[in-house]
Amino acid sequence: MLDFVIKRFLQVIVVVFLALTVVFFLIRLAGDPTTLFLPPDAPREQIEEYRELLGYNRPLYVQYGDFMYNAIQGDFGESLRSQEDALGIVLDRLPATFQLAITSLILALFIAIPLGVLSAYKRNTVFDRIGVGLTVVGQAVPSFWLGLILIFLFAAQLQLLPSGGGGTPVHMILPTLTLAAYSVARFTRFTRSAMLDVLQKDYIRTAKASGVPTMRLIMRYALRNSLIPIITLVALDLGVLLGGAVITEAVFSWPGVGRLLWQSLMNRDFPIVLAGVFIIALIYAIINFVADILYAYVNPQIRVK
Amino acid sequence: MASSLPQGEQALGSVLKSKQKTKIGEFFSNLSRSWTGMLGFGIIMLLLFLSIFGPWITPYDPMHAEFSKGLLPPLTDGHLLGTDHLGRDIFSRIIMGARVSVIIGIATACIAGVIGTIVGIIAGYFRGWIDIVLMRLVDVQLSFPFIVLVLVINAIIGAGLRNIIISLAIGGWVIFARVIRSEVLALREKEFITSSIATGVSRLQILVKHILPNLFTPIIILASLQIGTYIIAEASISFLGFGVQPPTPAWGNMLNEGRDYIFSSWWLVTFPGIAIVITALGVNLFGDWLRDTLDPELKGE
């Protein structure tokens, strides 16, 4: 088990390292950043001066080494716009993203688990068909469009909720609903298949035959035993939620890391992009790491492999 | 006796008929048994029709702006779904947007599919260190959110139809590589392969004659299931201002442009979204049906 944990932990480092490397070279290959800050008719000397100031005139591998050396120490440079520490700006936005992601996750589980249980228990009935139908349609609805429709309904028509921004709990309602809806379809499917597995087991049939009440059978006997596969599947899926958060934040102007990353890409503020990629890769890799360990813990076959 | 002859002929006829029954006939008789498959197939046919014949069926020029006719609600002045802020006909723009979605979905699936299949075959067939290196690479990429990866790549290499296809393919090849590798691993153990190896058939011949044909089904299934993801991802990224750029009509950038008018003109953000949902639904339903039909073992998973 320890071997497995160490191996997986090394992978976290490799993921973050490669993500930074790829994005660094993509940015450098895409063009000289100095041209973004100087007028197109700037004199050559000024461009050269700027390049020297920012270190862009050095060979690429020196720049890369320098960047990595500083990045390891948490220094991603200053924002090209606000001259503040790039990593600091990203970290400031992190709590808002966590807040949105965690609330949505809880809401999604509260909807998806009962739906999946019902769908599995009433297999091949109307309930199951509706449950499966909802997941199929749910997967076809882009989250950003759902967000727009919610803004239209609740902000424009009913004028009940704000269309964007952050700060108060009221601002959280629409983005949370949007991001939760994005996950409900997949979580329902996980629950349904995990429950179907358990419901086929002999002990369930025995319990049923010996007259255990339905509610007790589902809650105590079936759901309890399918909770571990559900939790692991959900944990492995959290990255998709994180990806959805980026888009949802952009739709609702939610002041999180996703919106910051999007705006920095728009402004070509590359130190922030790199710091943002670093944080997203790190969080995602850690989530995967924990999910894998959890999965290995409940499923010894994985450990041996 | 006289009556038995036509009967015999009839029986013989039906035997011949069933033998002549083409693959296409089999496809449609299978399809007709699933209403979801039929629905998906119908939507895909409609999409293909619109993307091929779009320019001839749009009631208006989708690029033609007429400021005096801006923001007309649906069903006014002959504009079925209304007009946008520049007075362009939304129905015509949605029809032309179908072409963009179809091109992106299919082109990405082809590129990602070819790259992923080649990598998967190399990893699964040759095993050893090359397998370890390639699969670690796949693992690493899979541990980064797909949509964020595509967004960052596209924002850096620049927007546009060609670049969004490249970005999506870079994000998408890994799934093909992983699935194809496990298919190749399973095939290698099959008797017809081990016996070919034993009889001294060359590696290349085994690859081309035995392994490649057997990968056709999983590739088609996977591609059809992925196209919906690509179409939604492109729309999301075009919505965020990258991807396909205006004035080219794509459903994602139509929604981006319509966003500013959400408080006054609901039709700008409604209809392109419905087009995306119907498309993704159709592609996914057809993909699910295809998987259930071609690979019954996976059914219900």
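Keep in mind that this is a model prediction, so the values were computed, not measured. Numbers given for residues are sequential positions, taken from 1 along each chain in its written order. Chains and ligands are labelled sequentially in the order written, the chains with letters from A and the ligands with numbers from 1. Only residues with pLDDT of at least 70 get local features here, since the model is predicted, and only at 80 or more are side-chain atom pairs given and counted; chain-wide, interface and lining totals rely on the full set of residues. Where side-chain values are given, they derive from all heavy atoms of the structure, hydrogens and water being excluded.

A. Region of interest: the overall build of chain B. To qualify as a helix, a DSSP run of H or I must reach at least 4 residues; to qualify as a strand, a run of E must reach at least 2; elements of each kind are numbered from the N terminus. Each helix and strand counted, chain B has eleven helices and zero strands in total. Walking chain B from its N terminus toward its C terminus, one meets helices and strands in the order α-α-α-α-α-α-α-α-α-α-α. Only the C-alpha atoms count toward the radius of gyration. The rule for a globule is 2.2 Å times the residue count to the power 0.38. Its C-alpha atoms give chain B a radius of gyration of 24 Å, more than 25% over the compact-globule value 19 Å for 301 residues. Counting only residues that meet the buried cut, chain B has 49% of its 301 residues in that class. Whether two residues are in contact is decided by their heavy atoms: any pair within 4.5 Å suffices. Considering only contacts within chain B whose residues lie at least 6 apart along the sequence, 67% involve residues at least 24 apart. Summed over all atoms, the accessible surface of chain B reaches about 14700 Å², with 67% contributed by carbon and sulfur. Note on charges: Lys and Arg go in the positive column, Asp and Glu in the negative column, and His and the chain ends are not counted at all. One atom stands in for each charge, and that atom is NZ of Lys, CZ of Arg, CG of Asp or CD of Glu. Taking the average location of the 21 positive side-chain charges in chain B and that of its 20 negative ones, the two points are 8 Å from each other. The cut-offs for exposure are 20% and 50% of the maximum accessible area for each residue type, with area from a 1.4 Å probe on protein chains only; residues under the lower value are buried, those over the upper are exposed, and the others partly exposed. Accessible surface is estimated by sampling points in the Shrake-Rupley manner with a 1.4 Å probe; for residues, cover comes only from the protein chains shown.

B. Local environment of the interface of chain B and chain A. If you look at the interface, chain B gives 37 residues, while chain A gives 42 residues. A buried area of about 3500 Å², summed over both sides, lies between chain B and chain A, and 80% of it is on carbon and sulfur atoms. When a carboxyl oxygen of Asp or Glu lies within 4 Å of a side-chain nitrogen of Lys or Arg, that pair is called a salt bridge. There are zero salt bridges connecting chain B and chain A. Polar contacts here mean pairs of N or O atoms no more than 3.5 Å apart (in protein, one a potential hydrogen donor and the other a potential acceptor; neighbouring residues in sequence count only if both atoms are side-chain atoms). Between chain B and chain A we count six residue pairs in polar contact (both at pLDDT 80 or more) in total. Contributions of two or more residues to the side of chain B that touches chain A are made by α5 (128-142), α6 (146-157), α9 (203-239) and α11 (267-294) of chain B. The leading source of residues in the side of chain B that touches chain A is α11(B), at ten residues. Taken together, the residues of the side of chain B that touches chain A sort by class into 28 nonpolar, six polar and three charged. Summed over both partners, the accessible area (1.4 Å probe) lost when two parts come together is defined as the buried area. Residue polarity follows a fixed list, in which Ala, Val, Leu, Ile, Met, Phe, Trp, Tyr, Cys and Pro are nonpolar, Asp, Glu, Lys and Arg are charged, and the others, Gly among them, are polar.

C. View of the packing of helix α6 (residues 143-157) of chain A against helix α9 (residues 214-252) of chain A. Residues and elements named next belong to chain A. Axis lines are fitted through C-alpha atoms, for helices just across the contact stretch, and the angle between N-to-C directions can take any value from 0 to 180 degrees. At a minimum axis separation of 9 Å, α6 and α9 run at an interaxial angle of 30 degrees. Accordingly, the angle class assigned to the pair α6 and α9 is roughly parallel. The element α6 and its partner α9 pack so that their crossing is right-handed. Judged by residue contacts, S143, F144, G147, L148 and I151 of α6 engage I247, V251 and F252 from α9. Residues that form the contact of α6 with α9 fall into these classes: six nonpolar, two polar and no charged. We call two directions roughly parallel when the angle between them is under 35 degrees, roughly antiparallel when it is over 145, roughly perpendicular when it lies between 65 and 115, and oblique otherwise. Crossings are assigned a handedness: left-handed for a near helix turned anticlockwise from the far helix by less than a right angle, right-handed for a clockwise turn.

D. How the structure looks around the nonpolar core. In this description, a nonpolar core means a group of buried Ala, Val, Leu, Ile, Met, Phe, Trp, Tyr and Cys residues linked to one another through side-chain atoms lying within 4.5 Å. Membership of the largest hydrophobic core comes to 156 residues, with the highest contact counts inside it found for A:F76, A:F144 and A:L265. Ranked by residues supplied to this core, first place goes to α9(A) with 15 residues. Leave out the neighbours within four places in its chain, and A:L265 touches A:V273, B:L151, B:V152, B:A155, B:I156 and B:F242. One finds B:I180, B:L207, B:I211 and B:L215 within the second-largest nonpolar core, a separate group that totals ten residues.

E. Geometry of the confidence of the model for chain A. As a per-residue measure, pLDDT tells how confident the predictor is, with possible values from 0 to 100. The pLDDT averaged across chain A works out to 85; a share of 96% of its residues lies at or above 70. Confidence scores differ between elements of chain A, with helix α12 (residues 300-304) of chain A showing the lowest mean pLDDT of 59 and helix α10 (residues 257-267) of chain A the highest of 92.

F. Just a negative patch on the surface, in detail. All names here are of chain A. In this scheme, patches are assembled from residues that exceed 30% relative accessible area and form no salt bridge. Like charges are connected within 9 Å, while nonpolar side chains (Val, Leu, Ile, Met, Phe, Trp, Tyr) are connected within 5 Å. A surface patch of negative charge is lined by D75, E78, E84, D85 and D92. With respect to the helices, strands and loops of the structure, D75 is situated in the loop between α3 (60-72) and α4 (86-121). By relative accessible area, which is 35% here, D75 ends up partly exposed.

G. Focus on the pattern of salt bridges. Residues and elements named next belong to chain B. Within the structure shown, the criterion is met by 13 salt bridges over all chains. R291 serves as the salt-bridge partner of D288, at 3.5 Å between the closest nitrogen and oxygen. With a gap of three residues between them, D288 and R291 both fall in helix α11, about one helical turn apart. Here D288 falls in the partly exposed class, since its relative accessible area comes to 24%. Here R291 falls in the buried class, since its relative accessible area comes to 17%. Here D292 and R291 are joined by a salt bridge, their closest N and O atoms 3.4 Å apart. Judged by its relative accessible area of 23%, D292 falls in the partly exposed class. Members of the salt-bridge network, linked through shared partners, are D84, R88, R93 and E257.

H. Structural context of the environment of B:I175. All names here are of chain B. By secondary structure assignment, the location of I175 is in helix α7 (residues 161-188). Sequence separation between I175 and G116 is 59 residues, and the spatial gap between their C-alpha atoms is 7.2 Å. Contacts of I175, omitting those with residues within four sequence positions, involve L142, L222 and Q226.

I. Inspection of unusual backbone geometry at higher detail. Residues B:P246 and B:P247 are joined by a peptide bond in cis, for which omega reads 5 degrees. Structurally, B:P247 is set in the loop between α9 and α10 (251-258). A positive phi is found at A:Q159, a non-glycine position, where the angle reads about 50 degrees. Mapped onto the secondary structure, A:Q159 falls in the loop between α6 and α7 (169-199). By relative accessible area, which is 62% here, A:Q159 ends up exposed. The backbone phi angle of B:L75 is positive, close to 65 degrees, even though this residue is not glycine. With respect to the secondary-structure elements, B:L75 resides in the loop between α3 (35-57) and α4 (90-126).

J. Layout of the environment of A:V198. Residue and element names in this part refer to chain A. Tracing the sequence through the fold places V198 in helix α7. Judged by its relative accessible area of 6%, V198 is buried. Placed 179 residues apart in sequence, V198 and A19 show a C-alpha to C-alpha distance of 39 Å.

K. Fine view of the packing of α9(A) against helix α11 (residues 270-298) of chain A. Residue and element names in this part refer to chain A. With their axes 9 Å apart at the nearest point, α9 and α11 run at an angle of 170 degrees to one another. Looking at the two axes, α9 sits roughly antiparallel to α11. Like other packed secondary-structure pairs, α9 and α11 cross with a definite hand, here left-handed. Where α9 abuts α11, its residues I228, I231, T232, A235, L236, L238, G239, V240 and L242 lie against I280, I283, Y284, I287, N288, A291, D292, L294, Y295 and V298. Among the residues making up the contact of α9 with α11, the classes are represented as 15 nonpolar, three polar and one charged.

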